[in-house]
Amino acid sequence: MAIAFIDLNAQRRFLGSRIDEAVMKVINSGQYIMGPEIAQLESDLSAFCGAKHTLSCANGTDALSLILMAKGVGPGDAVICPSFTFAATAEVVALERATPIFVDVNPETFNVDPESLKAGIETAKQRGLKPVGFIAVDLFGQPADYDALEPICKANNLWLLSDAAQSFGATYKGRKVGTIGFATATSFFPAKPLGCYGDGGAVFTDDPALLDTLKSLRIHGQGTDKYDNIRIGINGRLDTVQAAVLIEKLKIFSEEIVKRNEIASGFNEALKDVAIVPRVLEGCVSTWAQYTIRVKAGKRDAIAAALREKGVPTAIYYPKPLHQQTAYKAFPAAGNGLPNSDMIAHEVLSLPMHPYMDDVTFTTIVDAAREAIKAA
C-alpha cells in the first residue's frame, strides 16, 4: 500500500464519532451560517494562541485580503513579501492594486532574509512607491526570524503582518504565532497542521478597532445591520460546519504538534548525512506543515521517481519562485535579484509529514530516501 503524503484519514479515525456528532449538531440546528460554533471557535482559538481577538473567515487568502482592506492598502503603496512562498501572499497585494516587492529568503530556514528586506524597502523607494508594510511568511511551519525583522520594520515605519497559513500552533522564542505583528492571518485548508474539511481561515489581532473593521468587511461591509453597508467588503464568512470540525480538532492539536516535532527530529537525524535538512531557529517550535529537505540540483527528479517506486510520495514546494511566475514577473524584486530563492527552487523536496505516522512508515520513508539520494 502506498504511503499517504498527509494522512487525514488516520486523524479522522482517531477523532471518530466526535466529528460526526459535532457536524450533525450543526446540521440539525439549521444554523449553517454564523451559527454559535463560530463564536465558540473564535474564543477557543484566542485562548489557544493568546491573541485578544480572533475573526474566522472563509479561507486563508481572505484572511490576508481582509487585513489589507482594513489597512487601506492601494495604488502607489508597496508591500514587501518573500518570493519563495505560495501565490496568495502576493496575490492579495496585487488585488488591492498595490505593488508587491519580492525579497529573498534564508536557504536554511526558508524564511525572509533580513538583509533582503532592507533591499526591498530601498527598491520600493527607487521605484517611486511608498513602502507601507511587510508580510512575513512562516514557511513550512517555522516562524520567521522576527527579532531581526521587527526592528527593520519599525525603523522604516512599516506595519508587519504575519502570514501564518502554515505555522499556526508554532512559537517564536516564547511568543505564540497569532500574537506577532499588528495582525496574523492563517489558513485551515485541510492539509494544514490545523485543517478543516473544506476551506477556512482566521485573523488574529490585539487591536479592537481593527477587529471591528474586519467584522464589517467580512460580511459585505455591513454596519449596524446587513442592509446598512458602510464600506465595500466581501462575503468572507466561515461555514458553521467547518467551525464545528475545527473546535474538535483544536482539542488534540497540541499533542499533534509534539508528534510532528518528534517525527521531524527523527528525519533530521536520519537524513542529515545525505541531504541538507531544515534548520529550526533556537528557541522556536515549528508545526512542520511540510518537512522539506534540499538535494543536489538536477538530481531531484530522479530521487522523487525512485521514492515513488518504493511507494513514498513527495512534493515540491515551490518549483518556481513568484518573481519568475507569469502573473508576477513584472513586479519588482529586491536588489540585484533573489539568488537563494532561485537556487532552492531547484533543490527542495518535501517528504510525507503528519502526526499519525507509525514507526514502520517512518523507517520505510527514511530507508527509501537514503537509498534514492545516494543512488542519484
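Placed above this text is the structure.
Every chain begins its residue count from 1, and numbering advances along the sequence as written. Restriction of local features to residues with pLDDT of at least 70 applies here, the model being predicted, together with a cutoff of 80 or more for giving and counting side-chain atom pairs; totals for whole chains, interfaces and linings are based on all residues. Computation of side-chain values covers all heavy atoms of the structure but excludes hydrogens and water.

Caption draft 1: Examining the packing of helix α4 (residues 60-71) against helix α5 (residues 88-95) more closely. Where α4 meets α5, the closest approach of the two axes is 9 Å, and the angle between their N-to-C directions is 40°. Classified by the angle their axes make, α4 and α5 are oblique. Here α4 runs over α5; the crossing is right-handed. Contact residues: Thr-61, Leu-64, Ser-65 and Leu-68 in α4; Ala-88, Thr-89, Glu-91, Val-92 and Val-93 in α5. Of the residues belonging to the contact of α4 with α5, the class tally is 5 nonpolar, 3 polar and 1 charged. For helices, the fitted line uses only the C-alpha atoms of the stretch in contact; every axis is such a line through C-alpha atoms, and the angle between N-to-C directions lies from 0 to 180 degrees. Numbering goes from the N terminus for both helices and strands, where a helix is a DSSP run of H or I of at least four residues and a strand is a run of E of at least two. Here roughly perpendicular refers to angles of 65 to 115 degrees, roughly parallel to angles under 35, roughly antiparallel to angles over 145, and oblique to all remaining angles. If you view the pair so one helix is near and one far, a crossing is left-handed when the near helix is turned anticlockwise from the far one by less than a right angle, and right-handed when it is turned clockwise. Residue contacts are defined here by distance: any two heavy atoms, one from each residue, within 4.5 Å place the two residues in contact. Residue type decides the class: Asp, Glu, Lys and Arg count as charged, Ala, Val, Leu, Ile, Met, Phe, Trp, Tyr, Cys and Pro as nonpolar, and the leftover types, Gly among them, as polar.

Caption draft 2: The arrangement of the packing of aromatic side chains in detail. Within 6.5 Å between ring centres, the rings of Phe, Tyr and Trp (the latter by its six-membered ring) count as paired, and their orientation is classed by plane angle as stacked under 30 degrees, edge-to-face over 60, tilted in between. If you walk through the whole model with that rule in mind, you get 17 aromatic pairs. Where Phe-14 meets Tyr-356, the ring centres are 5.9 Å apart and the plane angle is 45°; that geometry is what we call tilted. Of this pair, Phe-14 sits in helix α1 (residues 8-15) while Tyr-356 is found in the loop between β12 (348-351) and α13 (359-375), placing the two residues 342 residues apart along the sequence. Think of it in three bands: with a 1.4 Å probe and only protein chains considered, a residue is buried below 20% of the maximum accessible area for its type, exposed above 50%, and partly exposed in between. Judged by its relative accessible area of 47%, Phe-14 falls in the partly exposed class. Through a chain of ring-to-ring contacts, three or more aromatic side chains come together here, namely Phe-84, Phe-110, Phe-140, Tyr-317 and Tyr-318.

Caption draft 3: Fine view of the pattern of salt bridges. Any carboxyl oxygen of Asp or Glu within 4 Å of a side-chain nitrogen of Lys or Arg constitutes a salt bridge here. All chains considered together, the criterion is met by 14 salt bridges. The partner of Glu-150 in a salt bridge is Arg-175, and the shortest N-O contact between them spans 2.8 Å. Of this pair, Glu-150 sits in helix α7 (residues 146-155) while Arg-175 sits in strand β7 (residues 175-176), and the two are 25 residues apart along the sequence. Classification of Arg-175 as partly exposed rests on a relative accessible area of 26%. Overlapping salt bridges bring together Asp-147, Glu-150, Lys-173 and Arg-175 as one network.

Keep in mind these values describe shape, not function.
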